[in-house]
Amino acid sequence: MKTTTKLALSTLVLSLATGVALAAPAAENWDNNCASCHGADGKGQTKQGKKLKVRDYSDAKVQAELKDEDMCKAVMEGVKADGKERMKGFKEELSADEIKDLVAHIRKLKA
Ligand code: HEC
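Residues numbered from 1 in each chain as written. Predicted model: local features only at pLDDT ≥ 70, side-chain atom pairs only at ≥ 80, totals over all residues. Heavy atoms only, no water.

At this site the iron atom of the ligand is bound by His 38 (NE2) and Met 87 (SD), with donor distances of 2.0 Å. If you look at the iron atom of the ligand, its six donor atoms make angles of 86 to 179° with each other, and the shape they trace is octahedral. In this pair, His 38 sits in helix H2 (residues 26-38) while Met 87 sits in strand E2 (residues 84-87), placing the two residues 49 residues apart along the sequence. (Donors = N, O, S within 2.8 Å, 3.2 Å for Na, K, Ca; no water. Tetrahedral: all angles 85-135°; square planar, octahedral: opposite > 155°, others 65-115°. Helix = DSSP H or I, 4+ residues; strand = E, 2+ residues; numbered from the N terminus.)

For the rest of this paragraph, the subject is the side chain of Glu 98. For Glu 98, the location among the structural elements is in helix H6 (residues 96-108). For the buried Glu 98, no salt bridge is present, and the opposite-charge side chain at shortest range is Lys 88, 12 Å distant. There is a polar contact of 3.2 Å between the side chain of Glu 98 and the backbone nitrogen of Ala 24. There is a polar contact of 3.4 Å between the side chain of Glu 98 and the side chain of Asn 29. (Buried < 20%, exposed > 50% of the residue type's maximum accessible area, 1.4 Å probe, protein only. Lys, Arg positive; Asp, Glu negative; His and termini not counted. Salt bridge = Lys/Arg side-chain N within 4 Å of Asp/Glu carboxyl O. Polar contact = N/O pair within 3.5 Å; in protein donor to acceptor, adjacent residues only side chain to side chain.)

Quick look at H6 now. Since the α-helix turns once every 3.6 residues, residues separated by three or four places project in the same direction. The end-to-end C-alpha separation of H6 is 19 Å, in line with the 18 Å expected for 13 residues at 1.5 Å each. Those residues of H6 that sit buried are Glu 98, Ile 99, Leu 102, Val 103, His 105 and Ile 106. An end-on view of H6 places all buried positions within 155° of arc, on one side of the element. Turned more than 90 degrees away from the buried face of H6 sit Ala 96, Asp 97, Lys 100 and Lys 108, all of them exposed. (Expected span 1.5 Å × (residues − 1). Arc of directions from axis to C-beta.)

Given below as structure tokens:
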């Protein structure tokens, strides 16, 4: 293999590796930031989820009520009811792309 080809290849591998490190995969973000309330399966059957009465996101009916843009906004800005915070916003921790991926992840939790 020519040196230039080798160099180009190692640069490619390097940039791929850093790309992965920058944006965590949605499943990982879900487990780390969301599953404590919404559950790994999205059903919300955790101690906190039951207390907060989160909806079951594996339920097709619940999913049908949710619009992608509203979900993105909720994850970014948080969810309030009667002036009280029900869920905090994640715009400090997560990028817009990561939030979009999380919404796609929630769609895949549909039973
Ligand atoms: C402290 C508990 C808690 C955590 C952590 C949490 N949520 Fe929520 N979430 C709630 C509550 C409470 C609601 C409002 C009730 C409901 O819609 O089930 C909600 C609502 C939502 C909604 C529905 C918004 C709408 O349009 O009605 C989405 C989507 C959502 N959460 C996604 C996420 C994602 C993604 C994460 C992680 C980045 C996350 N949540 C972390 C408690 C939490």
